[in-house]
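Spelled out, the chains give:
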Amino acid sequence: YGNFVDNLRLYVRGGSGGMGLPRLGGQGGKGGDVWVVATKSVTLKRIKDKYPQKRFVGGSGANSSVRALKGDKGKNTEILAPVGITVTTDDGRILGDLNTEGDRVMVAKGGPGGSFHSAFEPSKGQAKHIRLDLKLIADLGLVGFPNAGKSSLLTAMSNATPQIASYAFTTLKPEIGKLMYEDYKQISVADLPGLIEGAHINKGMGHKFLKHVERTKQLLFVVDVCGFQLASKTQFRSAFEAVQLLTKELELYKEELVSKPALLVVNKMDLPEAEDKLQELEEQLQNPDKFSDLLPDDMIPKRYMTFRHMVPVSATT
């Protein structure tokens, strides 16, 4: 997404142990470990800029000597990372999640120092590649096809300034807006890149978008009351079809997303015919089974999304 970094691959290696002292049975110090620590006000982009080599190595353990038979432990290395990170190995195994400030995960152990058991030879530390994968945490995630008016809605509600234009695909990087109420309660709203049909198979910005949806507490579906057509070659979809296709995309990516609490915003109510279209949509959503023949079979969701509220708005007016 432009210069927004939400995935970073790093090389980490624990420090080597120190040499043992055979003559007096001295033990070398253990090598330092490498930790990833969740810290506020850090971004992955900053790590990338500050450490272009992307290498993090623990300090070496001290050798055993006559003055200090037990060598000192090597220094630990800490990688300061933003909150909301999942740390994985290259093959996708999860090493840990950093969900609150101060959470830490050890990613590479230092090697033990030389001792009687190892014939006084020290060992090297663990070495591996890890991935830091950021998932935005927001109270509300906006879900909708391109051009449904998600960015306009976010601008109208909050102080965020996403790019807006009258053609599909404008949002290229996630925007988070804060809504402030009179009693000072705050809600964060994430406007994520538009979903397209087939996003779950990683078309478009598919997976990049869907992984951020996982961490939002509620979903806010935004549909254009008059329906939507992505391109001249693709089929026109009514507002009802748009809702079901969005549900299907979420379900195919991760079934439990469909059980998140959701609200439906029907946008562009300033257009002519909007009132009739809204009525039609309300009827269709009350018994979606009756209208499911409008959709191709592979696009009918297993479970229909239940919306707590349906809110007609016009983001422009």
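See the structure printed just above.
Now for a description of the structure that goes with this document.

About the criteria used
Residues numbered from 1 in each chain as written. Predicted model: local features only at pLDDT ≥ 70, side-chain atom pairs only at ≥ 80, totals over all residues. Heavy atoms only, no water. Salt bridge = Lys/Arg side-chain N within 4 Å of Asp/Glu carboxyl O. Helix = DSSP H or I, 4+ residues; strand = E, 2+ residues; numbered from the N terminus. Buried < 20%, exposed > 50% of the residue type's maximum accessible area, 1.4 Å probe, protein only. Pairing = 2+ DSSP bridges. Axes fitted to C-alpha atoms, helices over the stretch in contact; angles between N-to-C directions. Phe/Tyr/Trp six-rings, centres within 6.5 Å; stacked < 30°, edge-to-face > 60°. Lys NZ or Arg CZ within 6 Å of the ring centre and 35° of its normal. 1 Å grid on protein atoms, 1.4 Å probe; cavity = no way out; pocket = protein on both sides within 12 Å on 5 of 7 lines; lining within 4 Å. Points joined across faces, edges and corners; volume = space filled by probe spheres on them. Nonpolar A, V, L, I, M, F, W, Y, C, P; charged D, E, K, R; others polar. Contact = heavy atoms within 4.5 Å.

1. Side note on the pattern of salt bridges
- Per the stated rule, a full pass over the model turns up eleven salt bridges.
- Close ionic contact of Arg-131 with Asp-90 constitutes a salt bridge, the shortest N to O distance being 3.3 Å. Taken as a pair, Arg-131 in strand S8 (residues 127-134) and Asp-90 in the loop between strand S5 (85-89) and strand S6 (94-98) lie far apart in primary sequence, 41 residues in all.
- Here Arg-131 falls in the partly exposed class, since its relative accessible area comes to 29%.
- Using a relative accessible area of 38% as the deciding quantity, one classes Asp-90 as partly exposed.
- Notably, a salt bridge pairs Glu-255 with Lys-302, separated by 3.1 Å at the nearest N-O pair. Note that Glu-255 is positioned in the loop between helix H4 (239-253) and strand S13 (262-267) and Lys-302 in the loop between helix H6 (288-291) and strand S14 (307-312), a separation of 47 residues in sequence.
- Under the relative-accessibility criterion, Lys-302 is labelled exposed at 61%.
- Because the salt bridges share partners, they merge into one network encompassing Arg-9, Asp-90 and Arg-131.

2. Quick look at the sheet that holds strand S2 (residues 34-38)
- With respect to topology, three strands assemble into an open sheet ordered S4-S2-S7, the strand pairing being mixed. At either margin of the open sheet sits one strand with a lone partner, and together these are strand S4 (77-81) and strand S7 (104-108). On average, adjacent strands in this sheet sit at an angle of 25° to one another, irrespective of strand direction.
- Pairing analysis gives four bridges linking S2 to S7, with the strands arranged antiparallel.

3. Thoughts on the packing of aromatic side chains
- Overall, the coordinates contain three aromatic pairs when judged by the stated rule.
- Ring geometry for Phe-221 versus Phe-307: centroids 5.2 Å apart, planes at 75°, classification edge-to-face. Remark: Phe-307 occurs in strand S14 and Phe-221 occurs in strand S12 (residues 218-224); sequence separation between them is 86 residues.
- Using a relative accessible area of 0% as the deciding quantity, one classes Phe-221 as buried.
- Positioned above the aromatic ring of Trp-35, the side-chain terminus of Arg-104 is 4.7 Å from the ring centre.

4. Observations concerning empty space enclosed by the protein
- Summed over all chains, the structure comprises one cavity of 30 Å³ or more.
- Roughly 40 Å³ of internal volume is contained in the largest cavity.
- Surrounding the largest cavity, Phe-145, Pro-146, Ala-148, Val-222, Val-223, Asp-224, Phe-228 and Ala-242 form its lining.
- Of the residues forming the lining of the largest cavity, the biggest block, three residues, is contributed by S12.
- Looking at the lining of the largest cavity residue by residue, the classes come out as seven nonpolar, no polar and one charged.

5. Considering the environment of Val-313
- For Val-313, the location among the structural elements is in the segment after S14.
- Sequence separation of Val-313 and Met-269 is 44 residues, and the distance between their C-alpha atoms is 5.8 Å.
- Ignoring anything within four residues of it in the chain, the contact list for Val-313 reads Leu-153, Val-265, Val-266, Asn-267, Lys-268 and Met-269.

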